[in-house]
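Close look at the chain arrangement
The residues making up each chain are set out below.
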Amino acid sequence: VQLQASGGGLVQAGGSLRLACAASGTMFSINGLGWYRQAPGKQRELVAAISIGGGTNYGDSVKGRFTISTNSAKNTVYLQMDSLKPEDTAVYYCNAKTGRRMEYDHWGQGTQVTVSS
């Protein structure tokens, strides 16, 4: 599975950004897609995830502000980020999970999101 992320950038607090991640390769093996982020000096954390069945899961800090979705082919995952805060500044990584128990992680290259105050 290969993942190609795009859409990061610089935005003022309160603004919006939309990230996209295109998946390719053994698509049939993907059971979930998601986004994680890592800020300097911090551990990588879950931002949002979506299963092939459509169920979603969000990190507590982004609930109500971020929305994860996929296209109809389920080969692209989006992250709509609204009401951005400076603390959302991080490198955002696209993730795909394979395996019957989603035990295998695949990562795209990171994309920088910077929110200025």
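See above for the structure.
Below: a short report on this structure.

Definitions and cut-offs
- Residues numbered from 1 in each chain as written.
- Predicted model: local features only at pLDDT ≥ 70, side-chain atom pairs only at ≥ 80, totals over all residues.
- Heavy atoms only, no water.
- Helix = DSSP H or I, 4+ residues; strand = E, 2+ residues; numbered from the N terminus.
- Rg over C-alpha atoms; globule rule 2.2 N^0.38 Å.
- Buried < 20%, exposed > 50% of the residue type's maximum accessible area, 1.4 Å probe, protein only.
- Contact = heavy atoms within 4.5 Å.
- Areas by Shrake-Rupley, 256 points an atom, 1.4 Å probe, with all protein chains shown as cover.
- Disulfide = S-S within 2.5 Å.
- Pairing = 2+ DSSP bridges.
- Axes fitted to C-alpha atoms, helices over the stretch in contact; angles between N-to-C directions.
- Salt bridge = Lys/Arg side-chain N within 4 Å of Asp/Glu carboxyl O.

With respect to the overall build of the protein chain
- When helices and strands are tallied, the protein chain shows zero helices and 11 strands.
- Each helix and strand of the protein chain, placed in order from N terminus to C terminus, yields the pattern β-β-β-β-β-β-β-β-β-β-β.
- Whereas a compact globule of 117 residues would reach a radius of gyration of roughly 13 Å, the protein chain reaches 13 Å, a difference of no more than 12%.
- With respect to the three principal axes, the spread of C-alpha positions in the protein chain is 40 × 30 × 25 Å.
- A buried classification covers 39% of the 117 residues belonging to the protein chain.
- Taking contacts inside the protein chain between residues at least 6 apart in sequence as the whole, the part at least 24 apart equals 53%.
- Here the protein chain displays about 6,200 Å² of accessible surface, and carbon together with sulfur accounts for 49% of that area.

Things to note about the state of the cysteines
- Counting across every chain of the model gives one disulfide.
- Each sulfur of the disulfide joining C21 and C94 lies 2.1 Å from the other. Looking along the S-S bond of the C21-C94 disulfide, the torsion reads about -90°, which is the left-handed sense. Taken together, the positions of C21 in strand β3 (residues 17–24) and C94 in strand β9 (residues 90–98) put the pair 73 residues apart, joining distant regions of the chain. Here C21 matches C94 in class, with each residue buried.

Section: unusual backbone geometry
- Within the chain, K74 stands out as a residue other than glycine whose phi angle is a positive 60°.
- Along the chain, K74 falls in the loop between β7 (66–70) and β8 (76–81).
- Of the residues examined, K74 reaches a relative accessible area of 36% and is grouped as partly exposed.

Observations concerning the pairing of strand β10 (residues 104–107)
- Bridge analysis of β9 against β10 gives four bridges, and the strand direction is antiparallel. If you follow A96 over to β10, its bridge partner there is H106.
- The antiparallel hairpin formed by β9 and β10 contains five residues in its connecting segment, where G99 sits at a positive phi of about 100°.

Some thoughts on the sheet that holds β7
- The antiparallel open sheet is built from four strands, whose spatial order is β1-β3-β8-β7. The open sheet has two free edges, formed respectively by β1 (2–6) and β7, since each of these has just one partner strand. Between one strand axis and the next, the sheet turns by 15° as a mean value, whatever way the strands run.
- Of the pairings in the sheet, the one linking β7 to β8 comprises five bridges and is antiparallel in character. For T70, the partnering residue across the bridge sits in β8 and is V77.

Notes on the pattern of salt bridges
- Within this structure, the stated rule accounts for five salt bridges.
- Among the ionic pairs, D88 bridges to R37, the shortest N-O distance being 2.9 Å. Highlighted residues: D88 in the loop between β8 and β9 and R37 in strand β4 (residues 30–38), separated in sequence by 51 residues.
- Assessed through its relative accessible area of 1%, D88 is described here as buried.
- One salt bridge connects K97 with D105, and the closest N-O pair in it is separated by 2.5 Å.
- The class for D105 is partly exposed, based on a relative accessible area of 38%.
- Linked by salt bridges that have partners in common, R37, E45, R65 and D88 make up one network.

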